[in-house]
Amino acid sequence: MARKPPPPNPYKDTLNLPETAFPMRANLAEREPGWVAEWTAAGRYARLREHCADRPRFVLADGPPYANGSIHVGHAVNKILKDFITKSRTLSGFDAPFVPGWDCHGLPIELKVEQNLGKAGKDVDPAAFRAACREYAAEQVAGQSADFQRLGVLADWDHPYLTMDYRIEADIIRAFGRIMARDHVQMGEKPVHWCVDCGSALAEAEVEYEEKISLAVDVRFQVTDEIDLLRRMDLEGESHGPVSVVIWTTTAWTLPANQAVALNPALTYVLVQFERERLLLAEELLDACLERYQLGDGVVVGRADGSSLEGLTLRHPFVEREVPVILGDHVTTESGTGCVHTAPGHGQDDYVVGQRYGLPVDNPVGPDGRFLPGTPFFAGENVHQANAHVVDVLREGGNLVVVEKFHHSYPHCWRHKTPTIFRATPQWFISMDRAGLREDALRAIADTRWLPDWGEARIHGMVENRPDWCISRQRNWGVPIPLFVHRESGRLHPRTPELLEEVAQRVEQEGIEAWFALEPKDLLGEDEAAQYLKLGDTLDVWFDSGVTHFTVTGKRPELGLPADLYLEGSDQHRGWFQSSLLTSVAMHGAAPYRAVLTHGFTVDEKGEKMSKSRGNVVAPQEVVSTLGADILRLWVAATDFSGEMAISQGILERTADAYRRIRNTARFLLANLNGFDPARDALPMDQLLPLDRWIVDRALGVQNRVTAAYEGYQFHQIYQRVHNFCSVELGSFYLDVIKDRQYTTPSESRARRSAQTAMHHVAEALTRWIAPILSFTAEEIWALLPGERAESVLFSQWYEGLQPLAADAVFSAADWDRVLEVRTHVARAIEVARNEQGIGGSLNAEIDLHVGGATAALLERLGDELRFVLITSDARVVVETPPEGVTPVVLEDGSNLFVVVRRSGHPKCVRCWHRRPDVGSHHEHPELCGRCVENVSGPGEERRYA
């Protein structure tokens with residue numbers, strides 16, 4: 001049988017019931033796209049720039065994502081964090097423009113276009129191929145831009161920067177010219193990471209290290225002059241048999257290019273007598289070698305420092321060549337034999353030490369990863385597949401000591417995930433040392449603020465140890481290195497600076513195709529054109545993005561150098577942070593940024609890397625289409641981005657719960673501000689009731705911490721503080737207490753207007769606090785707040801209407817903290833009574849508080865209003881001994897509090913629901929308590945405190 005609905009309350013119209021157009025259900029996924037379209041149509045970003053035009057500027061430079069593929073959650077984190085910063089700086093009184101950008105050249109785009117058109121120069125005209133690359137990149141930019149805007153990121157989306165814009169392509173060439181003019185650029189045949197699949201050199205940032213199983217070989221290099229060796233050593237006995245220096249390597253394929261064997265000058269080397277031969281090894285590694293070789297017992301018959309062995313000549317194990325023993329500090333005892341096979345054409349350390357000794361830079365490997373024709377034994381073979389053949393040749397020649405499989409970290413191409421090779425090729429480099437770039441860069445690092453502070457040590461170590469930067473690539477889709485080199489001498493054209501500017505001017509009009517289509521005679525004339533070779537290499541895309549300080553930040557009038565902040569993932573210490581640093585120091589002698597902030601990578605809730613194969617990928621597009629962008633934004637804020645950022649469906653659902661707490665708080669505030677006009681109804685601060693005055697003071701404390709956290713980029717602290725304020729100070733205390741006063745007192749009474757004034761101050765502040773994070777929700781609240789206001793919360797600044805409690809306030813902040821502590825214990829006692837006595841709601845209860853000392857005096861000052869604070873029908877402070885069986889709770893000051901709860905025996909007022917002895921005492925209102933009669937028919941009750 002259905003329950004009858006309760007009879008209508010005849011006094012409903014006398015209550016100030018809440019009312020608002022702010023819905024309880026956010027429906028963010030459905031409503032947010034409309035707001036994005038509305039803001040775009042209104043030109044929100046441009047209008048904000050006009051509004052902030054006279055303010056001091058804060059410049060956050062956007063590191064360009066690559067224009068290929070849909071954005072992933074890492075992209076979303078990056079742009080959302082940047083949006084937090086620019087919006088919070090706007091609220092702090094700055095003009096904080098945000099110009100988004102994209103990296104548009106390079107191999108990934110080439111590969112996508114190749115899938116449709118084939119290879120440039122083979123299946124399709126190179127010019128048509130580049131045009132297709134430009135078109136594809138533009139499509140990718142449009143798609144990513146739409147996704148970023150859907151996230152609520154406010155930026156100059158109508159005027160982004162693209163590294164393929166003609167003007168920027170031209171300025172990239174000009175940047176190259178400036179760096180060259182300062183003597184930082186040189187051409188050399190140096191070993192570089194080479195990807196066979198790319199067919200090109202790779203930058204350090206394009207290399208990642210993965211585990212690989214290689215064939216590790218110990219190889220004999222026979223000493224050509226035994227007497228010379230023995231003369232250099234301290235001998236400890238007779239010895240006999242052939243004598244060899246043993247090297248150990250995991251890249252057997254590099255042995256054809258060997259030019260020397262390197263020893264450490266400070267290590268001690270021993271000559272070890274075996275049954276049929278003598279081997280030279282580092283003493284520290286002797287035991288490990290003996291165990292590996294299984295040649296029987298070895299006896300040390302001589303010792304020498306590495307420095308004593310310099311210049312000893314050895315015989316290459318299978319090439320008709322004698323090679324010297326050289327010295328190098330790069331030789332260690334971490335593994336191997338302490339004797340290092342040295343091929344300057346196949347390794348950076350080898351190249352450096354080889355230059356010191358004048359060794360040939362021999363590279364017998366072609367760009368396809370195969371040995372060149374004429375290479376003894378291995379011509380035409382793929383280098384990785386040739387390892388086994390090298391082992392066979394060594395074994396046949398009697399020079400293989402041992403071979404075994406070895407697990408180690410090995411460089412791989414980050415795009416193809418295939419092992420790279422080191423090979424010397426003619427390339428263009430930015431020299432780290434020739435014009436003091438390394439030293440100047442390290443000084444600039446020290447002058448920059450790094451957040452977190454470990455970032456300084458990380459990038460310092462990378463720059464301190466990095467090799468020269470290979471900036472040339474053998475690709476079609478990229479900014480050219482527009483140089484003319486003399487066909488015989490190899491020297492640059494004497495008018496190179498002038499020619500670079502002429503090329504830049506053409507590129508500014510026609511794009512990079514202006515260079516590729518250029519006939520040399522058009523710039524050099526017929527005679528010179530025949531003498532000079534026009535280069536076909538392109539610049540490393542890290543150079544493109546690295547010089548955005550020059551092509552974008554330094555050129556856009558709304559920006560400027562140096563940028564106040566660079567913000568990217570922590571991998572960019574070896575990427576964009578470093579390429580920007582080196583190019584800026586090379587051009588201007590200073591870093592392009594004042595501060596650098598890094599964020600971690602996204603992982604699933606188990607801490608595992610996201611991958612489609614694991615099925616743990618969280619796509620931002622799916623999140624915004626189901627939960628809404630504000631939920632994703634709140635997750636970013638709630639997560640400490642300095643480390644790994646865990647995300648999953650479960651984590652997002654918990655974030656949505658936290659969002660609802662903030663939203664419901666805002667809804668309560670708006671609903672109870674219905675009809676409130678701050679210009680007409682707001683009370684002066686000194687006329688607010690003490691409880692209302694306290695919540696304003698508490699909001700000021702929150703605002704101080706929130707704004708400091710925005711300043712320090714501690715967004716998770718903002719989330720915690722705002723969520724706690726909504727849950728604890730507001731939701732569990734203040735808003736709960738003032739409901740009675742808000743609903744039951746006369747609409748124009750001081751009691752109600754005081755509460756509304758305080759709520760208005762809190763709502764104004766809260767909307768600003770959440771605006772950088774919950775951008776959609778904040779604008780929704782802003783539009784419904786009473787009073788005249790600008791079109792957007794971003795056109796305001798942090799709220800200045802909050803004031804601290806006066807030193808002589810009737811109730812101090814500490815007093816209210818003690819009241820809140822007591823209230824918490826009372827609520828727990830009522831909950832127990834609800835379960836044990838069936839009391840029901842707290843207004844069915846009457847409370848006796850047995851407490852003494854300062855707490856008793858404090859509670860007694862509230863008088864009859866103590867019951868409103870505790871939300872009970874009656875509450876008394878009692879000095880008598882509490883009844884037996886009541887367990888005390890210990891307050892923070894060490895005193896005891898006894899809470900006695902009993903069911904009220906008084907009738908219930910139908911209007912306020914309090915149970916009071918005076919219900920029915922007024923004949924015209926027999927169902928009302930005395931104060932409700934006063935509020936309905938009289939001047940209204942007086943509230944003094946709460």
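That block above? That's the structure.
Below or above, wherever it landed, is the structure these notes cover. Just so it is clear, the model here is predicted, and its values are computed rather than measured. (Residues numbered from 1 in each chain as written. Predicted model: local features only at pLDDT ≥ 70, side-chain atom pairs only at ≥ 80, totals over all residues. Heavy atoms only, no water.)

## Remarks on the state of the cysteines
Consideration 1: A complete count under the given rule lists 0 disulfides for this structure.
Consideration 2: Cys339 supplies the cysteine sulfur nearest to Cys289, a cysteine that is in no disulfide, at a spacing of 8.4 Å.
Consideration 3: Using a relative accessible area of 0% as the deciding quantity, one classes Cys289 as buried.
Consideration 4: The thiol sulfur of Cys909 is not disulfide-bonded, and the nearest other cysteine sulfur, from Cys932, lies at 3.7 Å.
Consideration 5: Judged by relative accessible area, Cys909 falls into the buried class, the value being 0%. (Disulfide = S-S within 2.5 Å. Buried < 20%, exposed > 50% of the residue type's maximum accessible area, 1.4 Å probe, protein only.)

## Considering the sheet that holds strand S19 (residues 469-470)
Consideration 1: Spatially, 4 strands are ordered S5-S4-S17-S19 in an open sheet, and the strand pairing comes out antiparallel. Unpaired on one side and paired on the other, strand S5 (200-201) and S19 mark the two borders of the sheet.
Consideration 2: Here strand S17 (residues 421-430) pairs with S19 via 2 bridges, running antiparallel. Each bridged residue has a counterpart across the sheet, and for Phe429 the counterpart in S19 is Cys470. (Pairing = 2+ DSSP bridges. Helix = DSSP H or I, 4+ residues; strand = E, 2+ residues; numbered from the N terminus.)

## Concerning the side chain of Asp62
Consideration 1: Summarising the element assignment, Asp62 is placed in the loop between strand S1 (60-61) and helix H3 (73-91).
Consideration 2: Given the relative accessible area of 3%, Asp62 is considered buried.
Consideration 3: In terms of polar contacts, Asp62 uses its side chain to reach the side chain of Lys82, at 2.5 Å.
Consideration 4: Of note is the side chain of Asp62, whose polar atom sits 3.1 Å from the backbone nitrogen of Gly101. (Polar contact = N/O pair within 3.5 Å; in protein donor to acceptor, adjacent residues only side chain to side chain.)

## Quick look at the packing of aromatic side chains
Consideration 1: Tallied over the entire structure, the rule returns 27 aromatic pairs.
Consideration 2: Taken together, a centroid distance of 5.7 Å and an interplanar angle of 45° make the contact between Phe377 and Phe378 tilted.
Consideration 3: Exposure remark for Phe377: the relative accessible area of 47% places this residue in the partly exposed category.
Consideration 4: Phe378 sits in the buried class, given a relative accessible area of 0%. (Phe/Tyr/Trp six-rings, centres within 6.5 Å; stacked < 30°, edge-to-face > 60°.)

## Considerations on the pattern of salt bridges
Consideration 1: As enumerated under the stated definition, the model contains 68 salt bridges in all.
Consideration 2: With a shortest N-O distance of 2.8 Å, Asp218 and Arg292 are connected by a salt bridge. With Asp218 in strand S6 (residues 207-223) and Arg292 in helix H8 (residues 286-293), the pair connects residues that are 74 residues apart, well separated along the chain.
Consideration 3: Arg292 gets classed as buried once you look at its relative accessible area, which sits at 17%.
Consideration 4: Linked through salt bridges whose partners overlap, the residues forming this network are Glu846, Asp848, Asp864, Arg867, Asp874, Arg876, Arg902 and Arg916. (Salt bridge = Lys/Arg side-chain N within 4 Å of Asp/Glu carboxyl O.)

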